[in-house]
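Chain residues, written in single-letter form:
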Amino acid sequence: MKKILFFFLAISCCGSLAAENGYECWLRYTTADKSVIKSYRQRIQSITLFGTSSTIDAARFELSTALLGLLGKTIPGSNSIRDGSVIAGTTSSSILLSKNITVSDLSQAGTEGFVILSKIIDGKNCTLIIANSDIGVLYGVFHFLRLLQTAQPIQSLHIISAPRIKLRLLNHWDNLNRTVERGYAGSSIWNWHTLPGYIDQRYTDYARLNASIGINGTVLTNVNANATALTRPYLEKVAALANTFRPYGIKVYLTARFSAPIEIGGLKTADPLDPAVRDWWKQKADEIYSLIPDFGGFLVKANSEGQPGPQNYNRTHADGANMMAAAVAPHKGIIMWRAFVYSSENPDDRHKQAYIDFTPLDGKFADNVLVQVKNGPIDFMPREPFHPLFGAMPKTPLMMEFQLTQEYTGQGTHLVYLAPMFKECLESDTYAKGEGSTVAKVVDGSLDDHSLNGMAGVSNIGADINWCGHPFAQANWYALGRLSWDHQLSADTIADEWVRQSFSNHIPLVRDLKFIMLSSREIMVQYMNPLGLHHIMGTGHHYGPAPWVNDLSRPEWNPVYYHRADSFGIGFDRTKSGSNAIAQYKPEATELWRDSNDCDERYLLWFHHVCWNHRMRSGQTLWTALCMYYNMGVDRVSVMKIVWEKQKPFVDAVRFKQVSMLLDIQYEEACWWRDACLLYFQTFSKQPIKEPFVQPTHTLDYYKQLRFPYAPGN
Ligand code: BDP
């Protein structure tokens with residue numbers, strides 16, 4: 001008897017902690033929290049979904065599957081109203097719903113939003129999920145499920161939610177051969193070879209996950225584009241993906257290689273003003289739309305890092321973008337033209353180049369063009385000031401490009417939650433129209449009244465069973481969706497939701513995982529790029545530190561170009577006495593950075609070249625502060641490890657072990673960053689790494705000779 005009891009206990013203890021491979025991400029739908037399950041069961045006794053579209057079918061599927069998991073029993077469909085009815089649909093699909101909602105609530109929901117209401121109808125407690133469109137109903141259903149997954153009360157709901165941003169996109173940097181540029185989660189999830197005949201279940205689950213966080217578009221291919229993607233056989237594959245995603249409100253987009261008319265069209269030129277070229281793009285667009293009537297449009301990287309573009313023909317970025325825009329305009333398509341440009345012929349500070357190229361073009365882009373700008377002026381560094389283009393092109397919709405894949409932020413092995421970094425950028429004040437002209441207001445179009453607006457994240461998704469490689473990397477995908485829906489959500493709220501859905505509602509676990517997540521980005525900055533250092537990573541693969549590299553063909557590819565360490569000091573002078581990149585910002589915005597003695601120290605070496613004995617606010621010298629931050633970053637990774645170890649009883653064994661092992665690697669790599677960087681900078685500072693700071697384990701030469709020819713993502 002005792003034995004049986006023990007066996008039973010063991011099973012029930014482990015029941016909720018069964019091994020998980022992470023495939024479900026935040027849509028696990030495990031049994032609802034004990035504190036709420038009783039009230040949920042009372043409030044949810046039947047479901048009714050009005051409508052017949054494939055989107056409504058998807059909502060019905062999601063609701064019934066999720067409720068079975070969360071409530072532990074099948075919730076029947078019903079046509080009659082009873083206590084605990086959950087009723088969803090559009091107002092046009094149901095008189096009952098239209099009778100029970102105010103015009104004002106519904107108009108606030110807009111085309112994609114939803115309203116969730118607790119209502120007493122004929123004396124029965126009901127929950128209504130109402131929208132103006134089927135996709136709004138699906139978003140509402142996912143929101144309702146999120147409330148249940150995160151153990152929120154659902155007795156008196158009056159929620160109105162609408163996205164603040166219109167285009168909420170993932171950018172895959174996936175190649176047709178299934179490699180992923182800067183991908184750390186295995187090969188591409190797009191199996192081009194078996195498409196269009198074989199539709200992997202993953203494609204549907206990808207769409208579900210995206211729809212659950214409001215993502216409504218995906219660029220399937222790498223910005224370093226291959227024209228083959230625009231050939232007929234590939235367009236048929238793209239159409240198959242589009243058909244799979246459509247019920248979930250997700251449009252497909254492709255990257256367009258500017259020289260495609262030559263490469264696959266047999267033309268002699270790709271000059272955007274050449275009538276034959278213009279006609280080629282028009283016909284290509286017509287062909288695409290005949291296969292995919294709701295095709296989103298093109299994302300274009302032109303005249304950047306060797307990609308062809310209009311400047312090859314002495315034309316401007318606007319000439320190039322507008323030519324493509326004209327081709328897709330009749331089909332309501334859009335062009336996202338990237339501002340990530342810098343040129344080897346231009347000796348000016350790379351920080352300045354995109355601004356110089358693009359600001360004169362403000363007002364010259366067609367109505368269906370957005371200029372897509374990375375959050376910072378260099379390249380997705382652990383910390384950058386906001387890109388000076390934000391606020392500087394009022395006549396052009398500027399789309400935000402964040403990087404979810406952790407190319408410069410720990411790649412596949414570091415736990416770094418990026419929402420605080422995204423928020424830091426979005427909340428930065430450009431002062432373009434006086435105080436309060438935040439980057440978020442530029443991006444959501446409210447500052448300059450652009451109804452076309454967008455936010456994109458460079459995807460961190462691959463074919464790994466858990467999609468993103470590191471179990472916590474899923475949080476960055478999640479955060480992009482949630483922020484593009486509502487950039488006013490805090491990084492804390494988003495982490496809270498994600499932890500509860502991805503792990504559990506157990507309060508100490510939620511508190512501790514949030515602590516790890518919310519501190520992780522600053523910790524990573526400290527052990528990699530403290531005090532405004534940037535671009536000092538390994539060449540090519542960008543893995544690990546290599547601040548010493550100085551022999552690459554283009555000056556701005558060399559780390560020494562960015563840190564400028566010498567016997568006097570360190571840092572890039574971007575003030576008047578240097579490159580004067582700081583002048584690209586409104587004066588008020590630069591207040592925090594202008595003066596090296598009063599600079600926000602997180603940006604000190606980004607904007608100033610200061611001496612090794614420069615006095616920091618703390619009274620320390622710069623050299624001591626550098627030693628301190630590098631050491632502090634490492635120490636704080638050990639704190640992350642300790643806090644994680646405490647979670648063992650509350651996390652399933654598989655994910656617990658995965659994260660433990662990855663944190664060990666992160667710790668090792670943090671030590672590597674600290675030791676290699678301090679040893680190298682010490683060759684200039686000529687100062688000791690004093691107690692209590694740790695002495696490096698190896699010599700500088702040891703770190704310099706490390707090679708990683710097969711590092712992923714390159
Ligand atoms: C850089 C990446 C490179 C990308 C480029 C881009 O290293 O692989 O092609 O960004 O955004 O950070 O185009």
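Here the structure is a predicted model, which is why all the values come from computation and not from measurement.

### Overview of the overall build of the chain
- Along its length, the chain carries 22 helices and 15 strands.
- Against the globule reference of 27 Å for 714 residues, the chain gives a C-alpha radius of gyration of 26 Å, in line with a compact fold.
- Expressed as lengths along the three principal axes of its C-alpha atoms, the size of the chain is roughly 80 × 75 × 50 Å.
- When the 714 residues of the chain are sorted by exposure, 62% land in the buried category.
- Taking all contacts inside the chain whose residues are at least 6 apart in sequence as the whole, residues at least 24 apart take part in 73%.
- For the chain, the distance from the average site of its 68 positive side-chain charges to the average site of its 67 negative ones is 5 Å.

### Side note on helix α13 (residues 419-426)
- Counting buried positions over the 8 residues of α13 gives 8, a clear majority of the element.
- Those residues of α13 lying buried are A419, P420, M421, F422, K423, E424, C425 and L426.
- Each element contacted by the buried residues of α13 is listed here: β12 (398-403), α14 (439-443), β13 (454-458), α15 (474-485), α16 (491-502) and α17 (507-528).

### Some words on the side chain of S660
- Along the chain, S660 falls in helix α21 (residues 653-685).
- Look at S660 and you get buried, because its relative accessible area is 10%.
- Excluding residues within four positions of it along the chain, S660 makes contact with W644 and E645.

### Some thoughts on the site of the ligand
- Residues in contact with the ligand amount to 14 residues; listed here are only the nearest, E181, K301, R338, D379 and E407.
- One of the side-chain nitrogen or oxygen atoms of R182 is found 3.0 Å away from an oxygen atom of the ligand.
- Taking N224, its side chain carries an N or O atom lying 2.9 Å from an oxygen atom of the ligand.
- For the ligand, the protein covers 97% of the area, taking 320 Å² as the surface of the free molecule.
- Here the residues of the shell around the ligand are counted per class, giving 4 nonpolar, 2 polar and 8 charged.

### Notes on the confidence of the model for the chain
- Across the chain, the average pLDDT comes to 96, with 98% of residues at 70 or higher.
- Residue range residues 1-15 is modelled with pLDDT below 50. Its contacts to residues more than four positions away, or to other chains, number 0 contacts.

### Points about the pairing of strand β4 (residues 124-131)
- When you tally the buried positions in β4, you get 6 out of 8 residues, the bulk of the element.
- Judged from the 6 bridges that link them, strand β2 (residues 85-90) and β4 form a sheet pairing that is parallel. Across the sheet, residue G89 finds its bridge partner in β4, namely I130.
- For strand β3 (residues 114-121) and β4, the ladder comprises 8 bridges, and the chain directions are antiparallel.

### Section: the sheet that holds β4
- In spatial order, the strands read β1-β2-β4-β3-β5; together these 5 strands make up an open sheet with mixed pairing. Of all strands in the sheet, those bounded by a partner on one side alone are β1 (46-49) and β5 (158-161). Pairwise comparison of adjacent strand axes, ignoring direction, gives a mean angle of 20° for this sheet.
- Against the sheet, helix α3 (residues 54-71) engages β1 and β2, with an angle of about 170° to β1.

### Concerning the packing of aromatic side chains
- Evaluation of the coordinates by the stated rule reveals 42 aromatic pairs.
- Both rings, one in F386 and one in W593, keep their centres 6.1 Å apart while their planes meet at 50°; by these two values the pair is tilted. A residue pair is termed long-range when its members are at least 10 positions apart, and F386 in the loop between β11 (369-374) and β12 and W593 in the loop between β14 (569-570) and α19 (604-607) qualify at 207 residues.
- Judged by its relative accessible area of 5%, F386 is buried.
- Measuring from centroid to centroid gives 4.7 Å for W593 and F607, while their planes differ by 20°, and the two rings are stacked. Here F607 lies in helix α19 and W593 lies in the loop between β14 and α19, a separation of 14 residues in the sequence.
- The class for W593 is buried, based on a relative accessible area of 5%.

### Let's talk about the environment of C25
- In this structure, C25 sits in the loop between α1 (2-15) and α2 (34-43).
- On a C-alpha basis, the gap between C25 and W498 in space is 9.1 Å, while along the polypeptide they are 473 residues apart.

### A look at the pattern of salt bridges
- Per the counting criterion, the structure on display carries 41 salt bridges.
- In this structure, R168 and E112 form a salt bridge, with 2.9 Å as the shortest nitrogen-oxygen distance. Taken together, the positions of R168 in strand β6 (residues 167-171) and E112 in the loop between α5 (103-109) and β3 put the pair 56 residues apart, joining distant regions of the chain. Considered together, R168 and E112 belong to a single accessibility category, that of buried residues.
- Each of the salt bridges in this network shares a partner with another, and the network as a whole consists of R383, E424, R521, E522, D600 and R602.

### Considerations on the side chain of N303
- The residue N303 is located in the loop between β9 (297-300) and α11 (317-328) in this model.
- Given a relative accessible area of 15%, N303 falls into the buried group.
- Looking at N303, its side chain comes within polar contact range of the main-chain nitrogen of Q311, at 2.8 Å.
- Reaching out from N303, the side chain makes a polar contact with the side chain of N312 at a distance of 2.6 Å.

The rules behind the values
Every chain's residues receive numbers from 1 upward, in the order its sequence appears when written. Two thresholds apply to this predicted model, a pLDDT of at least 70 for residue-level local features and 80 or more for giving and counting side-chain atom pairs, whereas whole-chain, interface and lining totals are computed over all residues. By convention in this description, side-chain values take in all heavy atoms of the structure and omit both hydrogens and water. Only DSSP runs of H or I reaching four residues or more are called helices, and only runs of E reaching two or more are called strands; each is numbered from the N terminus. Each radius of gyration is computed over the set of C-alpha atoms, and the globule rule expresses the reference value as 2.2 Å times the number of residues to the power 0.38. Accessibility here uses a 1.4 Å probe with only protein chains present; expressed as a share of the type maximum, an area under 20% marks a residue as buried, one over 50% as exposed, and anything in between as partly exposed. Whether two residues are in contact is decided by their heavy atoms: any pair within 4.5 Å suffices. Charge counting treats Lys and Arg as positive and Asp and Glu as negative, with His and both chain ends excluded. Just so you know, the charge point we use is NZ for Lys, CZ for Arg, CG for Asp and CD for Glu. A single heavy atom is enough: if one lies within 4 Å of a molecule or strand, its residue is considered near that molecule or strand. Pairs of N or O atoms are called polar contacts if they sit within 3.5 Å, as long as, within protein, a hydrogen donor faces a hydrogen acceptor (for residues adjacent in sequence, only side-chain-to-side-chain pairs). Using the Shrake-Rupley algorithm and a 1.4 Å probe, accessible areas are obtained, with residue cover drawn only from the displayed protein chains. Three classes are used: nonpolar for Ala, Val, Leu, Ile, Met, Phe, Trp, Tyr, Cys and Pro, charged for Asp, Glu, Lys and Arg, and polar for all others, with Gly counted as polar. Per-residue confidence from the predictor is reported as pLDDT, which spans 0 to 100. When DSSP finds two or more bridges between a pair of strands, those strands are recorded as paired. The convention used is that axes are lines fitted to C-alpha atoms, helices contributing only their stretch in contact, and that angles between N-to-C directions extend from 0 to 180 degrees. Note on aromatic pairs: the rings of Phe, Tyr and Trp (six-membered ring only in Trp) are paired at centre separations within 6.5 Å, and the planes decide the class, stacked below 30 degrees, edge-to-face beyond 60, tilted for the rest. Salt bridge, as used here: a side-chain nitrogen of Lys or Arg that lies within 4 Å of a carboxyl oxygen of Asp or Glu.

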